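Chain residues, written in single-letter form:
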Amino acid sequence: MRWCTQRRTRAVCVLLACVSVVLHFFLAALTLSIYQTPCDLHTNNIRPPAGTNLTAKGGNNAMRQMGLSQKLQRTKPFPLSPAAKPNPTKLEDLFRHPLYNQQSLPFYEDDRLLQVKPKVKDDLESSQQWMSDSEEGYDAAHWNSSSQSHPPWLRFHLGISRWQLYDHKDPNLRQLEEQLAFSRIVSAVQKTGGTQLKLLMSFPNYGQALFKPMKQERNEETNHNLYYFSDFERHNAEIAAYHLDRILGFRRIPPVVGRLIDMVKEIKDITTDRKLARTFFTSPVGNTCFYGQCSYYCSTEHAVCGRPHVLEASLAVMLPDLSLAPRRSWRSPWRRSYSRSKLAQWENNAKYCESVKKSPPYSQGTRLVDLIDMAILDFLMSNMDRHHYETFEKFGNNTFLLHLDNGRAFGRHSKDEPSILAPLVQCCRIRRSTLLKLQLLALPQYRLSDVMRASLSRDPLTSIAPLLSEQHLTALDRRLVTVLKKLRRCQEQYNDSVIYNDIPVIYPCTL
């Protein structure tokens, strides 16, 4: 009896040992298969410009960008759920809608910001063509009156008009975005002014861009205990603001593109700004950091650090130099007090708009409805930091407003700030074209969050992670409903006087 029991025990032990060996082999095979599975990277819609010589000196910058993107992808996975994947046709369908293809206003020579000077003497080639010797790092320039000879940034400058920064059908827009995303950086110096770190980047074709670094994770909300004037500027907010402005049909924000920057090769090693260079250091974990010089957030406590030397940033194309196209800065009537204890005048007076409407330049023209357009844009992206706005001096008061400095937008998705809509609520006035586009973006087939997701998917940084979290995209839809509700109340109170007819009345407005 004892012999039979021992035999059974030995058989059970042998069986368990065999099962254990099989399980170990199975786990080893599974682990190897996982490590050998290639990463499924999101495809960038912005590609290196056609004809780029990837073997020339500096010409491999586009390939370097892709390599940096893959490195960060492995360190920061941010998967998209199937329901949240962008549908590019949404954006294409929107821009094919008749509202985005209206006949433009009559265009005269004075409506163009800059013009190419005509040649003075036919027999002098120098009057036809501008040439420069190639400086260190820069390309030799041979530009003439033909737009084909101009780099993308110059075509953008020459395309600015009285009514908008660019036409949404302009093929040069894509080339300009490619330049910002892939062109080699030959110079990086600090831009003076402002409360936070900004750099001025230069490209071989003499184009320039404003650099703003990543300071906050994309899925991170602004601290609720911070005042609006204490918030950080976000690189992805600058990018998203450009896309939202374009979707709304305003086209008043200069093109902005996300990019991965090698902090050593593309800033530290090439900068001629000694003050900037002195602020570089290596963090305790080996990351390259710098902090520059500015009013508030430039210190070792607020340093910008790479991973270990790669940094996400936004690059916005620079507007024409002030010596060529002076701009005027206007204090917003609905400017906040920027105080922890005081309220602005408009916050205590519900009829504040009555006095605004009687004072120039809001007493005539489109300035008031332009300001309300800007308030709607700011409310949708939760930007409370709009104290001033700018216009081009050449066009006087009869022109659009520039929507610059949007880095403090998209800070909170869980809270809406109704006070941003004060100009709309107190004045009850809106362009017909703006209202119709807002109504269009509230329809299921043109839902604002879907179109925004599709537009943002074109940016190179989307290969690492979505530029806006799903919570921020959902907040856009929620805030759009709020804007339409406010307009419905205005129309119930003031009827058709709410609408400023900037397009034919063949498009009815019903709220």
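Bear in mind the structure is a predicted one, so any value in this text is a computation, not a measurement. (Residues numbered from 1 in each chain as written. Predicted model: local features only at pLDDT ≥ 70, side-chain atom pairs only at ≥ 80, totals over all residues. Heavy atoms only, no water.)

Caption draft 1: Structural view of the UniProt feature "binding site: Mn(2+)" (unreviewed entry) in the protein. Sites flagged by UniProt as "binding site: Mn(2+)" (unreviewed entry) map to Glu233 and Asp405. In sequence the annotated residues extend across 173 residues, while in space they remain close, none of their C-alpha pairs exceeding 9.0 Å. Inspection of the secondary structure puts Glu233 in the loop between strand 5 (208-213) and helix 6 (235-247). Glu233 has contacts with Gln196, Lys212, Pro213, Lys215, Asp405, Gly407 and Arg408, leaving out every residue within four places of it along the chain. Mapped onto the elements, Asp405 comes out in the loop between strand 12 (388-392) and helix 12 (422-427). Not counting chain neighbours up to four residues away, the residues in contact with Asp405 comprise Lys212, Glu233, Glu238, Asn383 and Arg386. Here the side chain of Asp405 touches Lys212 through a polar contact of 3.0 Å, side chain to side chain. (UniProt positions renumbered as here; feature names shortened; annotations may be inferred. Helix = DSSP H or I, 4+ residues; strand = E, 2+ residues; numbered from the N terminus. Contact = heavy atoms within 4.5 Å. Polar contact = N/O pair within 3.5 Å; in protein donor to acceptor, adjacent residues only side chain to side chain.)

Caption draft 2: Quick look at the state of the cysteines. Using the criterion set out here, one finds 4 disulfides in the structure. For the protein, the bonded cysteines pair up as 1-4, 2-3, 5-6, 7-8 when numbered in the order they occur along the sequence. (Disulfide = S-S within 2.5 Å.)

Caption draft 3: Structural context of the pattern of salt bridges. For the coordinates displayed, the defined rule picks out 25 salt bridges. The shortest N-O distance in the salt bridge between Lys415 and Glu417 comes to 3.1 Å. Residue classification places Lys415 among the partly exposed positions, given a relative accessible area of 35%. Overall, the relative accessible area of 18% leaves Glu417 in the buried class. (Salt bridge = Lys/Arg side-chain N within 4 Å of Asp/Glu carboxyl O. Buried < 20%, exposed > 50% of the residue type's maximum accessible area, 1.4 Å probe, protein only.)

Caption draft 4: Highlighting the packing of aromatic side chains. One pass over the structure, following the stated rule, counts 7 aromatic pairs. With centroids separated by 5.6 Å and ring planes inclined at 80 degrees, the aromatic side chains of Trp334 and Tyr352 adopt a geometry described as edge-to-face. Note that Trp334 is positioned in the loop between strand 11 (327-331) and helix 9 (345-348) and Tyr352 in helix 10 (residues 352-357), a separation of 18 residues in sequence. By the burial criterion, Trp334 is buried, and Tyr352 matches it. (Phe/Tyr/Trp six-rings, centres within 6.5 Å; stacked < 30°, edge-to-face > 60°.)

Caption draft 5: View of the sheet that holds strand 6 (residues 256-262). The strand order across the open sheet formed by 5 strands is 3-4-5-10-6, and the pairing between neighbours is antiparallel. This sheet does not close on itself; its edge strands, each paired only once, are strand 3 (187-190) and strand 6. Within the sheet, the average angular offset between the axes of one strand and its neighbour, ignoring direction, is 35 degrees. Examined bridge by bridge, strand 6 and strand 10 (residues 310-317) share 7 bridges and lie antiparallel to one another. By the bridge assignment, Ile261 is partnered in strand 10 with Leu311. The strands touched by helix 5 (residues 172-182) within the sheet are strand 5, strand 6 and strand 10, with strand 6 carrying the most contacts at an inclination of about 20 degrees. (Pairing = 2+ DSSP bridges. Axes fitted to C-alpha atoms, helices over the stretch in contact; angles between N-to-C directions.)

Caption draft 6: Expanded view of helix 4 (residues 152-159). Of all the 8 residues making up helix 4, 7 are buried; the element is thus mostly covered by neighbouring parts of the structure. Among all positions in helix 4, only Pro152, Trp153, Leu154, Arg155, Phe156, His157 and Leu158 are buried.

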